[in-house]
Structures are given as C-alpha cells and as structure tokens.
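Here's the letter readout for the chains.
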Amino acid sequence: MLLPDRNTVDRLLRHFRAQERTVLDRPCDLSARRRFEDTAYTLCVLMGERTAAAAVLAAERYVRSGGDQESRSVAVVPPLA
C-alpha cells in the first residue's frame with residue numbers, strides 16, 4: 001500500500017493548526033476559511049478519512065509513529081473484477 005510522505009503530512013498538519021488558529025481569530029475572513037477548508041480536504045485525502053477530525057487524528061498518529069504502516073488502520077479495497 002502506498003502511504004503519504006511523513007514529512008509532508010507533518011508539514012500539512014502544522015499548516016492546518018496554524019490556519020485553525022487564524023479562522024478562530026478571524027471567523028469572518030472568508031479567504032482564511034477557504035484555505036483552512038482546502039487544507040482539511042487535503043488531509044482527508046492523504047489520510048483516507050471522510051472527516052477533517054478523523055483525518056487530523058490519523059495524521060497525528062501517523063506522524064507520531066514515524067510513519068509505520070501498522071500504526072494506522074487502513075481500509076482495504078478489493079480489486080475490480
């Protein structure tokens with residue numbers, strides 16, 4: 001299974017947290033909110049999760065584990081017939 005680069009996930013997670021603080025400080029800033037939502041979506045795609053909260057938790061576990069495959073639950077998709 002192909003896993004994301006741990007450094008990329010770490011960088012994206014730090015970016016997500018910084019944008020989260022910005023959105024909390026300036027809730028009416030639509031540009032900041034859009035960037036935050038784009039980053040959340042990217043985390044969801046990289047981590048294979050449906051929600052931003054689940055993606056952040058998965059990313060934190062993945063980065064903390066050093067990128068070991070066993071530390072992350074992965075949905076197995078059967079091959080097409």
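Residues numbered from 1 in each chain as written. Predicted model: local features only at pLDDT ≥ 70, side-chain atom pairs only at ≥ 80, totals over all residues. Heavy atoms only, no water.

1. Examining the overall build of the protein chain
Selection criterion: Helical segments are the DSSP runs of H or I of at least four residues, strand segments are the runs of E of at least two, and each set is numbered from the N terminus. We call two residues contacting when some pair of their heavy atoms lies within 4.5 Å. Surface accessibility in these figures is a Shrake-Rupley result with a 1.4 Å probe; residues are shielded only by whichever protein chains are displayed.
Along its length, the protein chain carries three helices and zero strands. Secondary structure elements of the protein chain, listed N to C terminal, follow the sequence α-α-α. Put simply, of all contacts in the protein chain between residues at least 6 apart along the chain, 56% involve residues at least 24 apart. Here the protein chain displays about 5900 Å² of accessible surface, and carbon together with sulfur accounts for 55% of that area.

2. Thoughts on the confidence of the model for the protein chain
Put simply, the rule reads: Known as pLDDT, the predictor's confidence for each residue is given on a scale from 0 to 100.
Confidence in the prediction for the protein chain averages 86 pLDDT; 80% of positions are at 70 or higher. Low pLDDT (under 50) marks residues 70-77, which in the prediction has eight contacts with non-local residues, meaning those over four places away or in another chain.

3. Comments concerning the pattern of salt bridges
Two side chains of opposite charge can pair, provided their charged atoms sit close to one another. To be explicit about the condition: When a carboxyl oxygen of Asp or Glu lies within 4 Å of a side-chain nitrogen of Lys or Arg, that pair is called a salt bridge. Relative accessibility thresholds used throughout: buried, under 20% of the residue-type maximum; exposed, over 50%; partly exposed, between the two (1.4 Å probe, protein chains only).
With the rule as written, the count across this model stands at four salt bridges. In this structure, Asp 10 and Arg 14 form a salt bridge, with 3.5 Å as the shortest nitrogen-oxygen distance. Here Arg 14 and Asp 10 lie together in helix α1 (residues 6-25), a separation of four residues that amounts to about one turn. Take Asp 10: its relative accessible area is 26%, and that puts it in the partly exposed class.

4. A few points about the side chain of Thr 39
By the element assignment, Thr 39 lies in helix α2 (residues 30-47). Discounting residues that sit within four places of it in the chain, Thr 39 has contacts with Leu 12, His 15, Phe 16 and Gln 19.

5. Some remarks on the nonpolar core
Here is the rule we go by: Among buried residues, the Ala, Val, Leu, Ile, Met, Phe, Trp, Tyr and Cys ones that are joined through side-chain atoms within 4.5 Å form a nonpolar core.
Ranked by size, the top nonpolar core spans 17 residues in total, and within it Val 9, Phe 16, Leu 43, Met 47 and Ala 59 carry the most contacts. For this core, the secondary-structure elements that each account for two or more residues are α1, α2 and α3 (52-64).

6. Points about the packing of α2 against α3
Heads up, the rule is: Structural elements are reduced to axes, namely lines fitted to C-alpha atoms, with helices fitted over the stretch in contact, and the angle between N-to-C directions of any two is expressed from 0 to 180 degrees. Should an angle fall under 35 degrees it is called roughly parallel, over 145 degrees roughly antiparallel, and 65 to 115 degrees roughly perpendicular, with every other angle called oblique. What makes a crossing left-handed is the near helix being turned counterclockwise from the far one by less than a right angle; a clockwise turn instead makes it right-handed. Under this grouping Gly is polar, as are all residues other than the nonpolar Ala, Val, Leu, Ile, Met, Phe, Trp, Tyr, Cys and Pro and the charged Asp, Glu, Lys and Arg.
Where α2 contacts α3, the axes come no closer than 8 Å and their chain directions differ by 60°. Looking at the two axes, α2 sits oblique to α3. In the crossing of α2 with α3, the sense of the turn from one axis to the other is left-handed. Along its contact with α2, which presents Ala 40, Leu 43, Cys 44 and Met 47, the element α3 presents Ala 52, Ala 55, Val 56, Ala 58, Ala 59 and Tyr 62. Residue composition of the contact of α2 with α3, by class: ten nonpolar, no polar and no charged.

7. Considering the environment of Ala 54
Inspection of the secondary structure puts Ala 54 in helix α3. Residues Ala 54 and Cys 44, ten residues apart in the sequence, show an inter-C-alpha distance of 7.9 Å.

8. Here we look at α3
The following threshold applies: Multiplying 1.5 Å by the helix residue count minus one yields the expected span of that helix. By construction, the arc corresponds to the directions joining the helix axis to the C-beta atoms.
Taking 1.5 Å per residue, 13 residues should reach 18 Å; α3 reaches 18 Å between its end C-alpha atoms and fits that length. Buried residues of α3: Ala 55, Val 56, Ala 58, Ala 59, Tyr 62 and Val 63, and no others. With its buried residues spanning 165° around the axis, α3 presents them on a single face. Of the residues in α3, the exposed ones pointing more than 90 degrees away from the buried face are Ala 53 and Arg 64. Buried residues along α3 sit in contact with α1 and α2. Phi for Gly 66, located one or two positions after α3, is positive at around 85°.

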